[in-house]
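Examining the three-dimensional arrangement
So the chains spell out like this:
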Amino acid sequence: MEGGLIAFWILAALIVASAGVAVFARSIVNAAYALFFSLFMTAGIYALLHADFLAVTQVVIYVGGILVLLLFGILLTNRSLEELITSSRRPYWVGSAIAGGIMAVLFGILVSTSWPEQSAQQLPATTAPLGVLLLQKYVVAFEFSSLTLLGALIGASYLVRRKERD
Amino acid sequence: MVPAEHALIVATILFCLGAIGVLVRRNFLFVLMAIEIMLNAAGLAFVAASGIHGQPDGQIFFLFILPVAAAEVAIGLALGVLLRLRYGTLDLWQIAQTRED
(Lines give C-alpha, C1' and ligand atoms only; values in the text may rest on other atoms or scores of the structure.)
Protein backbone atom coordinates (compact mmCIF):
# COMPACT_ATOMS: atom_id res chain seq x y z
CA MET A 1 0.00 0.00 0.00
CA GLU A 2 2.83 2.36 0.89
CA GLY A 3 4.89 1.18 -2.05
CA GLY A 4 2.28 2.40 -4.49
CA LEU A 5 2.27 5.85 -2.90
CA ILE A 6 6.08 6.09 -2.95
CA ALA A 7 6.16 5.02 -6.60
CA PHE A 8 3.44 7.55 -7.35
CA TRP A 9 5.35 10.47 -5.87
CA ILE A 10 8.62 9.45 -7.53
CA LEU A 11 6.78 9.33 -10.86
CA ALA A 12 5.06 12.64 -10.13
CA ALA A 13 8.37 14.34 -9.32
CA LEU A 14 9.91 13.01 -12.53
CA ILE A 15 6.90 14.17 -14.57
CA VAL A 16 6.90 17.67 -13.13
CA ALA A 17 10.68 17.98 -13.44
CA SER A 18 10.77 16.88 -17.08
CA ALA A 19 7.75 19.06 -17.91
CA GLY A 20 9.69 21.95 -16.39
CA VAL A 21 12.63 21.13 -18.61
CA ALA A 22 10.28 20.97 -21.62
CA VAL A 23 8.90 24.41 -20.80
CA PHE A 24 12.11 26.21 -19.87
CA ALA A 25 14.74 24.51 -22.04
CA ARG A 26 16.66 26.58 -24.55
CA SER A 27 17.17 23.85 -27.13
CA ILE A 28 14.00 22.58 -28.77
CA VAL A 29 15.40 19.08 -29.15
CA ASN A 30 16.05 18.88 -25.41
CA ALA A 31 12.55 20.15 -24.78
CA ALA A 32 11.03 17.54 -27.10
CA TYR A 33 12.87 14.72 -25.36
CA ALA A 34 11.87 16.04 -21.95
CA LEU A 35 8.26 16.12 -23.14
CA PHE A 36 8.66 12.53 -24.33
CA PHE A 37 9.89 11.52 -20.88
CA SER A 38 7.08 13.39 -19.14
CA LEU A 39 4.34 11.78 -21.24
CA PHE A 40 5.91 8.36 -20.82
CA MET A 41 5.98 8.66 -17.03
CA THR A 42 2.33 9.74 -17.06
CA ALA A 43 1.51 6.28 -18.39
CA GLY A 44 3.03 4.92 -15.17
CA ILE A 45 0.66 7.08 -13.12
CA TYR A 46 -2.29 5.78 -15.14
CA ALA A 47 -1.19 2.24 -14.35
CA LEU A 48 -1.04 3.14 -10.65
CA LEU A 49 -4.55 4.63 -10.88
CA HIS A 50 -5.88 1.28 -12.19
CA ALA A 51 -6.40 2.68 -15.70
CA ASP A 52 -4.47 -0.06 -17.44
CA PHE A 53 -6.02 0.46 -20.87
CA LEU A 54 -5.25 4.18 -20.76
CA ALA A 55 -1.65 3.50 -19.74
CA VAL A 56 -1.13 1.48 -22.91
CA THR A 57 -3.06 4.05 -24.97
CA GLN A 58 -0.87 6.82 -23.59
CA VAL A 59 2.30 5.02 -24.65
CA VAL A 60 1.05 3.92 -28.05
CA ILE A 61 -0.80 7.03 -29.21
CA TYR A 62 0.55 9.97 -27.20
CA VAL A 63 4.20 8.96 -27.04
CA GLY A 64 4.39 6.80 -30.14
CA GLY A 65 2.16 8.88 -32.38
CA ILE A 66 1.66 12.49 -31.38
CA LEU A 67 5.11 13.14 -29.99
CA VAL A 68 6.90 11.48 -32.88
CA LEU A 69 4.77 13.60 -35.23
CA LEU A 70 5.83 16.68 -33.28
CA LEU A 71 9.48 15.65 -33.37
CA PHE A 72 9.38 14.96 -37.10
CA GLY A 73 7.70 18.29 -37.68
CA ILE A 74 10.32 20.14 -35.65
CA LEU A 75 13.25 18.44 -37.30
CA LEU A 76 11.85 18.68 -40.83
CA THR A 77 10.48 22.21 -40.85
CA ASN A 78 13.39 24.02 -39.25
CA ARG A 79 16.32 24.39 -41.55
CA SER A 80 18.33 26.63 -39.25
CA LEU A 81 18.46 25.15 -35.79
CA GLU A 82 20.63 27.95 -34.44
CA GLU A 83 17.73 30.36 -34.44
CA LEU A 84 15.72 27.94 -32.33
CA ILE A 85 18.51 27.16 -29.93
CA THR A 86 19.07 30.83 -29.18
CA SER A 87 15.35 31.57 -28.94
CA SER A 88 14.92 33.88 -26.00
CA ARG A 89 12.04 34.13 -23.62
CA ARG A 90 9.64 36.87 -22.66
CA PRO A 91 10.01 38.47 -19.27
CA TYR A 92 9.08 35.79 -16.82
CA TRP A 93 7.18 37.66 -14.22
CA VAL A 94 3.98 38.52 -16.11
CA GLY A 95 3.37 34.99 -17.35
CA SER A 96 4.43 33.43 -14.08
CA ALA A 97 2.13 35.72 -12.12
CA ILE A 98 -0.84 34.82 -14.33
CA ALA A 99 -0.05 31.10 -14.10
CA GLY A 100 0.43 31.45 -10.33
CA GLY A 101 -3.03 33.01 -10.11
CA ILE A 102 -4.52 30.12 -12.07
CA MET A 103 -2.72 27.70 -9.78
CA ALA A 104 -4.02 29.42 -6.65
CA VAL A 105 -7.60 29.27 -7.96
CA LEU A 106 -7.27 25.60 -8.91
CA PHE A 107 -5.78 24.64 -5.55
CA GLY A 108 -8.50 26.59 -3.80
CA ILE A 109 -11.13 24.60 -5.69
CA LEU A 110 -9.24 21.39 -4.95
CA VAL A 111 -9.13 22.06 -1.22
CA SER A 112 -12.68 23.38 -0.86
CA THR A 113 -14.32 20.53 -2.77
CA SER A 114 -15.48 17.62 -0.65
CA TRP A 115 -14.59 14.49 -2.56
CA PRO A 116 -16.70 11.35 -2.17
CA GLU A 117 -15.22 8.87 0.24
CA GLN A 118 -15.77 5.80 -1.93
CA SER A 119 -12.36 5.99 -3.56
CA ALA A 120 -11.42 2.70 -1.92
CA GLN A 121 -13.83 1.04 -4.30
CA GLN A 122 -11.62 0.25 -7.25
CA LEU A 123 -12.53 -0.17 -10.86
CA PRO A 124 -12.22 -3.67 -12.22
CA ALA A 125 -10.21 -4.20 -15.39
CA THR A 126 -11.27 -1.20 -17.41
CA THR A 127 -10.97 -2.32 -21.02
CA ALA A 128 -14.35 -4.06 -21.30
CA PRO A 129 -16.44 -1.29 -19.63
CA LEU A 130 -14.60 1.31 -21.72
CA GLY A 131 -15.47 -0.49 -24.92
CA VAL A 132 -19.12 -0.83 -23.92
CA LEU A 133 -19.37 2.84 -22.96
CA LEU A 134 -17.57 3.99 -26.10
CA LEU A 135 -19.91 2.13 -28.43
CA GLN A 136 -23.18 2.65 -26.55
CA LYS A 137 -23.42 5.72 -24.35
CA TYR A 138 -20.77 7.85 -26.07
CA VAL A 139 -21.01 6.55 -29.63
CA VAL A 140 -22.03 9.91 -31.14
CA ALA A 141 -19.18 11.74 -29.43
CA PHE A 142 -16.82 8.96 -30.45
CA GLU A 143 -17.75 9.20 -34.12
CA PHE A 144 -17.69 12.98 -33.95
CA SER A 145 -14.17 12.98 -32.49
CA SER A 146 -12.97 10.79 -35.33
CA LEU A 147 -14.58 13.22 -37.80
CA THR A 148 -12.87 16.11 -36.02
CA LEU A 149 -9.50 14.45 -36.35
CA LEU A 150 -10.13 13.68 -40.02
CA GLY A 151 -11.14 17.26 -40.69
CA ALA A 152 -8.10 18.58 -38.85
CA LEU A 153 -5.73 16.36 -40.81
CA ILE A 154 -7.30 17.28 -44.15
CA GLY A 155 -7.21 20.94 -43.17
CA ALA A 156 -3.55 20.69 -42.16
CA SER A 157 -2.54 19.14 -45.44
CA TYR A 158 -4.66 21.73 -47.29
CA LEU A 159 -2.89 24.56 -45.47
CA VAL A 160 0.59 23.43 -46.44
CA ARG A 161 -0.28 22.33 -49.98
CA ARG A 162 1.96 23.41 -52.83
CA LYS A 163 0.39 26.31 -54.66
CA GLU A 164 0.23 25.39 -58.33
CA ARG A 165 -0.18 28.87 -59.77
CA ASP A 166 2.90 30.43 -58.25
CA MET B 1 -3.64 2.17 -3.51
CA VAL B 2 -2.89 5.65 -4.71
CA PRO B 3 -5.25 8.36 -3.49
CA ALA B 4 -6.55 9.95 -6.65
CA GLU B 5 -6.60 13.37 -4.99
CA HIS B 6 -2.80 13.37 -5.15
CA ALA B 7 -3.04 12.86 -8.90
CA LEU B 8 -5.25 15.96 -9.06
CA ILE B 9 -2.50 17.96 -7.31
CA VAL B 10 0.04 16.74 -9.87
CA ALA B 11 -2.36 17.61 -12.70
CA THR B 12 -2.77 21.14 -11.31
CA ILE B 13 0.99 21.68 -11.15
CA LEU B 14 1.44 20.32 -14.68
CA PHE B 15 -1.35 22.51 -16.04
CA CYS B 16 0.20 25.64 -14.55
CA LEU B 17 3.63 24.70 -15.90
CA GLY B 18 2.09 24.45 -19.34
CA ALA B 19 0.33 27.78 -18.84
CA ILE B 20 3.65 29.40 -17.94
CA GLY B 21 5.11 27.91 -21.11
CA VAL B 22 2.32 29.30 -23.26
CA LEU B 23 2.64 32.76 -21.72
CA VAL B 24 6.43 33.00 -21.47
CA ARG B 25 7.92 31.32 -24.52
CA ARG B 26 8.47 33.27 -27.70
CA ASN B 27 8.96 30.35 -30.08
CA PHE B 28 5.84 28.93 -31.68
CA LEU B 29 6.95 25.31 -31.37
CA PHE B 30 7.62 25.68 -27.64
CA VAL B 31 4.11 27.06 -27.23
CA LEU B 32 2.75 23.98 -29.03
CA MET B 33 4.62 21.70 -26.65
CA ALA B 34 3.38 23.66 -23.64
CA ILE B 35 -0.21 23.22 -24.88
CA GLU B 36 0.57 19.52 -25.16
CA ILE B 37 1.58 19.51 -21.48
CA MET B 38 -1.67 21.27 -20.54
CA LEU B 39 -3.75 18.72 -22.48
CA ASN B 40 -1.87 15.92 -20.76
CA ALA B 41 -2.62 17.49 -17.38
CA ALA B 42 -6.31 17.69 -18.26
CA GLY B 43 -6.27 14.00 -19.19
CA LEU B 44 -4.59 13.14 -15.90
CA ALA B 45 -7.26 15.09 -14.01
CA PHE B 46 -10.03 13.21 -15.83
CA VAL B 47 -8.46 9.83 -15.03
CA ALA B 48 -7.99 10.84 -11.39
CA ALA B 49 -11.63 11.94 -11.14
CA SER B 50 -12.65 8.64 -12.69
CA GLY B 51 -10.72 6.88 -9.93
CA ILE B 52 -12.32 9.04 -7.22
CA HIS B 53 -15.85 8.29 -8.36
CA GLY B 54 -15.18 4.66 -9.24
CA GLN B 55 -16.70 5.11 -12.69
CA PRO B 56 -15.03 4.58 -16.07
CA ASP B 57 -16.68 7.64 -17.69
CA GLY B 58 -13.75 9.89 -16.87
CA GLN B 59 -11.42 7.58 -18.73
CA ILE B 60 -13.64 7.94 -21.82
CA PHE B 61 -12.94 11.67 -21.70
CA PHE B 62 -9.23 10.94 -21.78
CA LEU B 63 -9.86 9.00 -24.98
CA PHE B 64 -11.59 12.12 -26.38
CA ILE B 65 -8.62 14.31 -25.46
CA LEU B 66 -6.33 12.13 -27.59
CA PRO B 67 -7.76 13.13 -31.01
CA VAL B 68 -7.89 16.75 -29.86
CA ALA B 69 -4.16 16.62 -29.06
CA ALA B 70 -3.38 14.94 -32.38
CA ALA B 71 -5.42 17.53 -34.30
CA GLU B 72 -3.73 20.33 -32.37
CA VAL B 73 -0.27 19.07 -33.29
CA ALA B 74 -1.17 18.55 -36.97
CA ILE B 75 -2.75 21.97 -37.45
CA GLY B 76 -0.13 23.63 -35.28
CA LEU B 77 2.70 22.28 -37.39
CA ALA B 78 0.91 23.33 -40.59
CA LEU B 79 0.48 26.82 -39.17
CA GLY B 80 4.15 26.81 -38.18
CA VAL B 81 5.14 26.07 -41.75
CA LEU B 82 2.91 28.92 -42.98
CA LEU B 83 4.29 31.36 -40.39
CA ARG B 84 7.78 30.43 -41.39
CA LEU B 85 6.98 31.00 -45.07
CA ARG B 86 5.25 34.32 -44.55
CA TYR B 87 7.36 35.94 -41.82
CA GLY B 88 10.60 34.00 -42.06
CA THR B 89 10.62 33.33 -38.32
CA LEU B 90 8.76 31.43 -35.64
CA ASP B 91 9.31 34.10 -32.99
CA LEU B 92 5.82 35.15 -31.92
CA TRP B 93 6.95 38.54 -30.62
CA GLN B 94 8.65 39.43 -33.86
CA ILE B 95 5.57 38.34 -35.78
CA ALA B 96 3.31 40.45 -33.58
CA GLN B 97 5.53 43.50 -34.06
CA THR B 98 5.64 42.95 -37.82
CA ARG B 99 1.87 42.83 -37.89
CA GLU B 100 1.58 46.07 -35.92
CA ASP B 101 3.88 47.95 -38.30
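Only a predicted model underlies this, so the values are computations on that prediction, with no experimental measurement involved.

Looking at the overall build of chain A
Counting its secondary structure elements, chain A contains seven helices and zero strands. Each helix and strand of chain A, placed in order from N terminus to C terminus, yields the pattern α-α-α-α-α-α-α. Going through the 166 residues of chain A one by one, you find that 32% of them count as buried. In chain A, the share of contacts with a sequence separation of at least 24, taken over all contacts with a separation of at least 6, comes to 62%. As displayed, chain A has an accessible area near 9900 Å², and 72% of this comes from carbon and sulfur atoms.

A look at a positive patch on the surface
Among the surface-exposed residues, A:Arg161, A:Lys163, B:Arg86 and B:Arg99 lie close enough to one another that they form a single positively charged patch. Here A:Arg161 shows up in the segment after helix H7 (139-159).

Brief notes about the domain arrangement of chain A
Residues and elements named next belong to chain A. Per the domain assignment, the segments of chain A are domain 1 (1-77) and domain 2 (124-166). Here the C-alpha centre of domain 2 lies 22 Å away from the C-alpha centre of domain 1. Across the boundary between the two partners, domain 1 contributes five residues, which contact four residues of domain 2. Summing both sides of the interface, domain 1 and domain 2 together bury roughly 300 Å²; the carbon and sulfur share of this comes to 62%. Our count for the domain 1 to domain 2 interface comes out at zero residue pairs in polar contact (both at pLDDT 80 or more). Each residue belonging to the side of domain 1 that touches domain 2 can be placed in one class, and the counts come to three nonpolar, one polar and one charged.

What to know about the layout of surface pockets
For the second largest pocket, the calculated volume is near 270 Å³. Lining the second largest pocket are 14 residues; nearest its centre among them are A:Leu106, B:Leu8, B:Ala11, B:Thr12 and B:Ala45. Among the elements that take part in the lining of the second largest pocket, helix H2 (residues 28-53) of chain B stands out by supplying five residues, more than any other.

Let's talk about the nonpolar core
Soluble globular proteins tend to pack their nonpolar side chains together in the buried interior. Membership of the largest hydrophobic core comes to 64 residues, with the highest contact counts inside it found for A:Leu70 and B:Met33. Inspection of this core shows a minimum of three residues originating in each of domain 1 (1-77) and domain 2 (124-166) of chain A. Dropping the residues within four chain positions of it, A:Leu70 is found in contact with A:Leu35, B:Leu32, B:Met33, B:Val73 and B:Leu77. Residues A:Ala99, B:Ala19, B:Ile20 and B:Met38 belong to the second largest nonpolar core, which totals five residues.

A word on the interface of chain B and chain A
Many structure descriptions define interface size as the accessible area lost when the parts assemble. Listed per partner, the contact involves 68 residues of chain B and 84 residues of chain A. The junction of chain B with chain A conceals about 7100 Å² of combined surface from both sides, 77% of it contributed by carbon and sulfur atoms. At the junction of chain B with chain A, the criterion picks out eight residue pairs in polar contact (both at pLDDT 80 or more). Within the residue set of the side of chain B that touches chain A, elements represented by two or more residues are helix H1 (4-24), H2, helix H3 (57-87) and helix H4 (92-100) of chain B.

With respect to the pattern of salt bridges
Tallied over the entire structure, the rule returns one salt bridge over all chains. Residue B:Asp57 is joined to A:Lys137 by a salt bridge in which the shortest nitrogen-to-oxygen separation is 3.0 Å. Linking B:Asp57 in helix H3 with A:Lys137 in the loop between helix H6 (127-135) and H7, this pair reaches from one chain into another. Judged by relative accessible area, B:Asp57 falls into the buried class, the value being 15%.

Digging into the packing of aromatic side chains
What the rule picks out here adds up to seven aromatic pairs over all chains. Taken together, the aromatic side chains of A:Tyr138, B:Phe46, B:Phe61 and B:Phe64 make up a single cluster linked through ring pairs. Against the face of A:Tyr158 rests A:Arg161, its NZ or CZ located 4.2 Å from the ring centre. A cation over a ring is seen here: B:Arg25 above B:Phe30, with NZ or CZ 3.8 Å from the ring centre.

What to know about a nonpolar patch on the surface
Residue and element names in this part refer to chain A. Taken together, Ile6, Ile10, Leu14, Tyr33, Phe36, Phe37, Phe40, Val56, Val59, Val60 and Ile61 make up a surface patch of nonpolar side chains, about 970 Å² in accessible area. Of all elements in the fold, only helix H1 (2-24), helix H2 (28-48) and helix H3 (52-77) reach the threshold of two or more residues within the nonpolar patch. By the element assignment, Phe37 lies in helix H2.

Scoring rules and cut-offs
Residues numbered from 1 in each chain as written. Chains lettered and ligands numbered in written order. Predicted model: local features only at pLDDT ≥ 70, side-chain atom pairs only at ≥ 80, totals over all residues. Heavy atoms only, no water. Helix = DSSP H or I, 4+ residues; strand = E, 2+ residues; numbered from the N terminus. Buried < 20%, exposed > 50% of the residue type's maximum accessible area, 1.4 Å probe, protein only. Contact = heavy atoms within 4.5 Å. Areas by Shrake-Rupley, 256 points an atom, 1.4 Å probe, with all protein chains shown as cover. Patch = residues over 30% accessible without salt bridge, like charges linked within 9 Å, V, L, I, M, F, W, Y side chains within 5 Å. Salt bridge = Lys/Arg side-chain N within 4 Å of Asp/Glu carboxyl O. Lys, Arg positive; Asp, Glu negative; His and termini not counted. Charge placed at Lys NZ, Arg CZ, Asp CG, Glu CD. Domains from an automatic or database assignment. Buried area = accessible area lost by both parts, 1.4 Å probe. Polar contact = N/O pair within 3.5 Å; in protein donor to acceptor, adjacent residues only side chain to side chain. Nonpolar A, V, L, I, M, F, W, Y, C, P; charged D, E, K, R; others polar. 1 Å grid on protein atoms, 1.4 Å probe; cavity = no way out; pocket = protein on both sides within 12 Å on 5 of 7 lines; lining within 4 Å. Points joined across faces, edges and corners; volume = space filled by probe spheres on them. Core = buried A, V, L, I, M, F, W, Y, C linked by side-chain atoms within 4.5 Å. Phe/Tyr/Trp six-rings, centres within 6.5 Å; stacked < 30°, edge-to-face > 60°. Lys NZ or Arg CZ within 6 Å of the ring centre and 35° of its normal.

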